[in-house]
Amino acid sequence: MNCPRPFAAVLAAFVTLSGFTAGAQAPAPAPQALASLWDHEHVSSPVTPLVDHAEVKRRIAALAAAGSASVLHVAQVGASLEGREIYDVSFGTGPYVVLLWSQMHGDEGTATSALFDLYAYIDAHRAEPSVAGLLSALTVHTVPMLNPDGAERWQRRNAQGIDINRDALLLQSPEGRLLKKLRDAWQPKVGLNLHNQNWRTSIGAPPVGAAISLLSVAFDQSQTMSPGRVLTRKLASVVRDALEPLAPGRIGKYDDAFEVRAFGDNITKWGTPVLLIETGPYPDVNPDPALIRLNFVALARALGALADGSVDLADPARYDTLPLNQSLNLHTVIRNVTIIQGSGVPPFTGDVGINAVRRVRIDDGQRLLFESYQIDDIGDLRTAGRLFDVDGTGKVLAPSVTGATVGQEIRLPEWTKDRPSSTLVLTGYQAQLMLLRPLPNGAYIVERLFPGQVEIK
Ligand SMILES: [Zn+2]
């Protein structure tokens, strides 16, 4: 979206802005307008786990190639333990410095994709009053993918096995040292720490997946309310009000207990109040686009509110009254089914809850993504949230047998304590299951097969 624009148009934009002061500019576009803009202009990949460091590097090179034709400035500011480049993409010339960083947990990539959409938006719309005002009021530094070694393996931790977000005091990870160095050098007035949350994260009753959860980060055990924390509570309120129309009832709040080792908490303590934005899950088989879209709107609105001063008018109670995160969300619940465990335990009736986990495998240099399904809970799961609900009334759930196909008539093996199935209908096991309809002759019709994992493309 680095389309060249006539020089006169650029000049006109800058002339219009010459008298700009923070707090007096055109307001940021409304959330729905930003979402619609994202629908038409986003550049992000539809599957975030497939965005590896090489992809980030390629996109960064494309931004850098635009040179002075772009308002984006690109610099390598450090490297991971294994030598992968870590970048700063910055924009704006204003006195109010903001720092955003994404993917300090390697398997939490939604915001990295949203940042690239944000860059494209800022650059393409720089002449519009709201973006031009943002560029005059703010200097925004962004570090996309702070943990590229973890991202390469699709794991939370870095190559040392350290959780960078618990390394703010010891500073043993090069990535953590870099983050502190950048914070100290730029002295941002506010920081946005961008993560993904566990897919079990839910809010409300009955529970639903928490699409975005916010945390105005504490800087001490007693959770003292400082001007910085008032600012991040107000900023969280701005984000809540921006996202709720797009994801009604799916915006939550993290417990704000102080974590002495965490970066957000310490960066807040060092003088840069931090708002944590945690992404996902979302009720969709392909969760990435919807979640990137929410991130994009959240970031654009948050920066807009900082730039035009409207954050000061936000009511912090809008953040305070968000529902608190819980951990009650499941991918699939097979409800009221007769469970044959496969170990010789007598059949019993209950619900079986399955959770999904994403795994990345690199085969011949090609990055493959799998969604893996595990049995998470068994029993009465009426209080659990779920993406998919399967009514098992009158049916049997059993471990899959090799070669079973849907519609086939089968007889179950004699699973006993001495000769159990290799997979069991038991918590912790991969969910390789068959849903069966019993026949009067003691056989079953296979109604549905649940695969232990599937490849996501
Ligand atoms: Zn995280």
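Residues numbered from 1 in each chain as written. Predicted model: local features only at pLDDT ≥ 70, side-chain atom pairs only at ≥ 80, totals over all residues. Heavy atoms only, no water.

What follows concerns the overall build of the protein chain. Helix and strand counts for the protein chain stand at 11 helices and 19 strands. For 457 residues, the compact-globule estimate of 2.2 N^0.38 gives 23 Å, and the protein chain sits close to it at 25 Å. Overall, the C-alpha framework of the protein chain stretches about 85 × 50 × 45 Å when taken along its three principal axes. Looking at the protein chain as a whole, 55% of its 457 residues are labelled buried. Long-range contacts, defined as pairs at least 24 residues apart, comprise 78% of the intrachain contacts of the protein chain with a sequence gap of at least 6. If you sum the accessible surface of the protein chain, you get close to 18,800 Å²; carbon and sulfur atoms cover 54% of it. (Helix = DSSP H or I, 4+ residues; strand = E, 2+ residues; numbered from the N terminus. Rg over C-alpha atoms; globule rule 2.2 N^0.38 Å. Buried < 20%, exposed > 50% of the residue type's maximum accessible area, 1.4 Å probe, protein only. Contact = heavy atoms within 4.5 Å. Areas by Shrake-Rupley, 256 points an atom, 1.4 Å probe, with all protein chains shown as cover.)

A word on the coordination of the zinc ion. The zinc ion binds to the protein through His105 (ND1), Glu108 (OE), Glu108 (OE) and His195 (ND1); the donor distances cover 2.0 to 2.6 Å. The sequence pattern formed by the donor residues of the zinc ion is H-x2-E-x86-H. The pair formed by His105 and Glu108 is uniform in burial state, with each residue classed as buried. (Donors = N, O, S within 2.8 Å, 3.2 Å for Na, K, Ca; no water.)

Within this structure, the stated rule accounts for 2 cavities of 30 Å³ or more. Of the pockets and cavities examined, the largest cavity occupies roughly 90 Å³. The wall of the largest cavity is formed by 16 residues, among which Ala28, Tyr121, Leu134, Ala300 and Gly304 lie closest to the centre. Residue assignment for the lining of the largest cavity shows that the elements contributing at least two residues are helix 4 (110-124), helix 5 (129-137) and helix 10 (288-308). Class assignment for the residues of the lining of the largest cavity results in 12 nonpolar, 3 polar and 1 charged. (1 Å grid on protein atoms, 1.4 Å probe; cavity = no way out; pocket = protein on both sides within 12 Å on 5 of 7 lines; lining within 4 Å. Points joined across faces, edges and corners; volume = space filled by probe spheres on them. Nonpolar A, V, L, I, M, F, W, Y, C, P; charged D, E, K, R; others polar.)

Bringing the pairing of strand 10 (residues 274-279) into the picture now. Within strand 10, 6 of the 6 residues are buried, which leaves it mostly tucked inside the rest of the structure. Taking every second residue as pointing to the same face, both faces of strand 10 are buried, with Val274, Leu276 and Glu278 on one and Leu275, Ile277 and Thr279 on the other. The pairing of strand 5 (residues 190-196) with strand 10 spans 6 bridges and is classified as parallel. From the neighbouring strand, Asn193 faces strand 10, where its bridge partner is Leu276. In this sheet, strand 10 lies alongside strand 8 (residues 212-216) in antiparallel orientation, the contact comprising 5 bridges. Directly across from Ile212, in strand 10, lies its bridge partner Thr279. (Pairing = 2+ DSSP bridges.)

As a further point, take the pattern of salt bridges. In total, this model carries 29 salt bridges according to the counting rule given. Measuring nitrogen to oxygen at the nearest pair gives 3.1 Å for the salt bridge that ties Glu85 to Lys57. Separated by 28 residues along the polypeptide, Glu85 in strand 2 (residues 85-91) and Lys57 in helix 3 (residues 53-65) bring together distant segments of the chain. In this structure, Asp380 and Arg382 form a salt bridge, with 2.9 Å as the shortest nitrogen-oxygen distance. (Salt bridge = Lys/Arg side-chain N within 4 Å of Asp/Glu carboxyl O.)

What follows is about the domain arrangement of the protein chain. Each domain of the protein chain was delimited in the assignment, giving domain 1 (7-320) and domain 2 (329-456). Look at where the C-alpha atoms of domain 1 and domain 2 centre, and you get two points 39 Å apart. With both chains or domains summed, domain 1 and domain 2 bury close to 1,600 Å², and 54% of this area falls on carbon and sulfur atoms. Summed over the shared surface of domain 1 and domain 2, the result is 2 salt bridges. Note that Asp288 is salt-bridged to Arg358, the shortest N-O span being 2.7 Å. The interface formed by domain 1 and domain 2 holds 7 residue pairs in polar contact (both at pLDDT 80 or more) in total. Looking at the side of domain 1 that touches domain 2 residue by residue, the classes come out as 14 nonpolar, 4 polar and 5 charged. (Domains from an automatic or database assignment. Buried area = accessible area lost by both parts, 1.4 Å probe. Polar contact = N/O pair within 3.5 Å; in protein donor to acceptor, adjacent residues only side chain to side chain.)

Right, let's get into the environment of Ser372. Along the polypeptide, Ser372 turns up in strand 13 (residues 366-379). The sequence separation of Ser372 and Pro95 amounts to 277 residues, and the corresponding C-alpha distance is 47 Å. With residues up to four places along the chain from it excluded, the contact list for Ser372 reads Asn355, Ala356, Val357, Arg359, Gln430, Gly452 and Gln453. A polar atom in the side chain of Ser372 sits 3.5 Å from the side chain of Arg359.

Let us look at the layout of surface pockets. Empty pockets left among the atoms are what a rolling probe the size of a water molecule brings to light. The computed volume of the largest pocket comes to approximately 970 Å³. In this structure, the largest pocket is lined by 44 residues; those nearest its centre are Glu108, Arg156, Asn196, Gln197 and Asn198. Secondary-structure elements contributing two or more residues to the lining of the largest pocket are strand 5, helix 9 (263-270), strand 10, helix 10 and strand 12 (348-363). No other element matches strand 12, which puts 6 residues into the lining of the largest pocket. By volume, the second largest pocket amounts to about 450 Å³.

So, about the side chain of Ser202. Mapped onto the secondary structure, Ser202 falls in strand 6 (residues 202-203). Residue Ser202 is classed as buried on the basis of its relative accessible area of 0%. Separated by 3.0 Å, the side chain of Ser202 and the backbone nitrogen of Leu328 make a polar contact. Leave out the neighbours within four places in its chain, and Ser202 touches Pro207, Val208, Gly209, Ala210, Leu324, Asn325, Gln326, Ser327, Leu328 and Asn329.

Here the focus is helix 10. Here helix 10 spans 30 Å end to end across 21 residues, near enough to the 30 Å set by a 1.5 Å rise per residue. Among the 21 residues of helix 10, 17 are classified as buried, and the element is accordingly described as predominantly covered. Immediately beyond the C-terminal end of helix 10, within one or two residues, lies Gly309, with a positive phi of roughly 80°. (Expected span 1.5 Å × (residues − 1).)

On to the packing of aromatic side chains, then. Both the distance between ring centres and the angle between the ring planes are used here to describe each pair of aromatic rings. The final tally for this structure, using the stated rule, is 3 aromatic pairs. Note on Tyr121 and Phe296: the rings are 5.4 Å apart at their centroids and 90° apart in plane angle, and the pair reads as edge-to-face. Taken together, the residues Tyr121 in helix 4 and Phe296 in helix 10 connect sequence positions 175 residues apart. The buried category is assigned to Tyr121, whose relative accessible area is 5%. A centroid spacing of 6.2 Å and a plane angle of 80° characterise the contact between Phe263 and Trp270, whose relative ring orientation is edge-to-face. On the basis of relative accessibility, which here comes to 0%, the residue Phe263 falls in the buried class. The residue whose ring lies beneath Lys253 is Tyr319, and the NZ or CZ to ring-centre distance is 5.6 Å. (Phe/Tyr/Trp six-rings, centres within 6.5 Å; stacked < 30°, edge-to-face > 60°. Lys NZ or Arg CZ within 6 Å of the ring centre and 35° of its normal.)

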